[in-house]
Amino acid sequence: MSVHSVSVPVITIDGPTASGKGTIAHRVARHLGWQALDSGALYRLTALAAQQQGVDASDEQAVAQVALQLDVAFQADQVLLAGIDVSSLIRQESVGNLASKVAAYAPVRQALLERQRAFRIAPGLVADGRDMGTVVFPDAPLKIFLIADVQSRAERRCKQLKEKGFSANLTGLLEDMRARDARDCSRTNAPLVAAPDAKTVDSSQLSIDETVGQVLDLWSKACQDK
Ligand code: DC
């Protein structure tokens, strides 16, 4: 376990790509006045930094070094890499696909572990990713496994990309998403699986507000059961 305070509550939200984890995590965190951790951004930043530094993406140790030395700052809605705003760049599908590849490397996951746990500061943290409840914060008092069918997720991602001014193609996104799901779920290191004590929330037919409401209800229940 890490040296970071285990008495600080954490809500973990894990799930497949584009299940809405990030949006839901930020809304829940804002509602509770807590910190939010977008762990996927750290994998995306590692992928982007490796690409920018010309590091061979198949060299696990070299990519892990990049992860260890990441010069990152999260400022309001901006993500800075070595002082440069890369918030939009890291959302590109090419970076996401490379992130999914390097995220399968054990040394990369190890390099990012303490960096993620350092976000656990009072009064609380909402952390989203793939292994938040299983590996990074296994003692979290509430673990959510957020799912949505692949069609809904691809449509959401398509809309998101278009809103950000990127071109997007639904068929291509569906294919990419299926491939990424398969890779994230089947890898040996910290695969995407629900923690045994996670509560599954299916957001396919829910609005953002409804999903946030379900998570907050589950948090109220968890507090009452304590
Ligand atoms: O959540 P996201 O799409 O931004 O994540 C990008 C990639 O990073 C995703 O394909 C898998 C990986 N990832 C991971 O392996 N573990 C996490 N906790 C978060 C993301």
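As a reminder, the structure under discussion sits directly above these lines.
Residues numbered from 1 in each chain as written. Predicted model: local features only at pLDDT ≥ 70, side-chain atom pairs only at ≥ 80, totals over all residues. Heavy atoms only, no water.

Visitor: I'm lost on the overall build of the protein in this one. Help?
Guide: Counting its regular elements, the protein contains nine helices and eight strands. Since a compact globule built from 226 residues should have a radius of gyration of about 17 Å, the 17 Å found for the protein is in line with a globular shape. Taken along its principal axes, the extent of the C-alpha atoms in the protein is 50 × 40 × 35 Å. Classification of the 226 residues of the protein by burial places 48% in the buried group. Surface summary for the protein: the accessible area is close to 10700 Å², and the carbon and sulfur share equals 51%. The distance from the centre of the 25 positive side-chain charges to the centre of the 26 negative ones in the protein is 1 Å. (Helix = DSSP H or I, 4+ residues; strand = E, 2+ residues; numbered from the N terminus. Rg over C-alpha atoms; globule rule 2.2 N^0.38 Å. Buried < 20%, exposed > 50% of the residue type's maximum accessible area, 1.4 Å probe, protein only. Areas by Shrake-Rupley, 256 points an atom, 1.4 Å probe, with all protein chains shown as cover. Lys, Arg positive; Asp, Glu negative; His and termini not counted. Charge placed at Lys NZ, Arg CZ, Asp CG, Glu CD.)

Visitor: Sorry, what's going on with the site of the ligand here?
Guide: Among the 18 residues in the neighbourhood of the ligand, the closest are listed as Arg44, Arg109, Arg130, Asp131 and Arg187. Measuring from an oxygen atom of the ligand, one finds a side-chain N or O atom of Arg44 at 2.6 Å. Burial of the ligand by the protein chains amounts to 97% of its free accessible area of 440 Å². When residues of the shell around the ligand are traced back to their parent elements, those giving at least two are α2 (39-52), α4 (93-102) and α8 (170-186). (Near = heavy atom within 4 Å. Polar contact = N/O pair within 3.5 Å; in protein donor to acceptor, adjacent residues only side chain to side chain.)

Visitor: How should the sheet that holds strand β6 (residues 125-129) be read in this particular structure?
Guide: Sheet strands pair via backbone hydrogen bonds, and the direction of the pair is either parallel or antiparallel. Taken in spatial order, the five strands make up an open sheet running β2-β6-β1-β7-β8, and their pairing is parallel. If you trace the sheet from one side to the other, it starts and ends with β2 (35-38) and β8 (199-202), each paired once. On average, each strand axis in the sheet is tilted by 20 degrees relative to the strand beside it, whichever way the strands run. Alignment of strand β1 (residues 10-14) against β6, held across five bridges, turns out to be parallel. Bridge assignment links Ile13 to a residue of β6, and that residue is Asp128. Lying on the sheet, helix α1 (residues 21-32) is in contact with β1, β2, β6 and β7 (142-147); it crosses β6 at an angle near 180 degrees. (Pairing = 2+ DSSP bridges. Axes fitted to C-alpha atoms, helices over the stretch in contact; angles between N-to-C directions. Contact = heavy atoms within 4.5 Å.)

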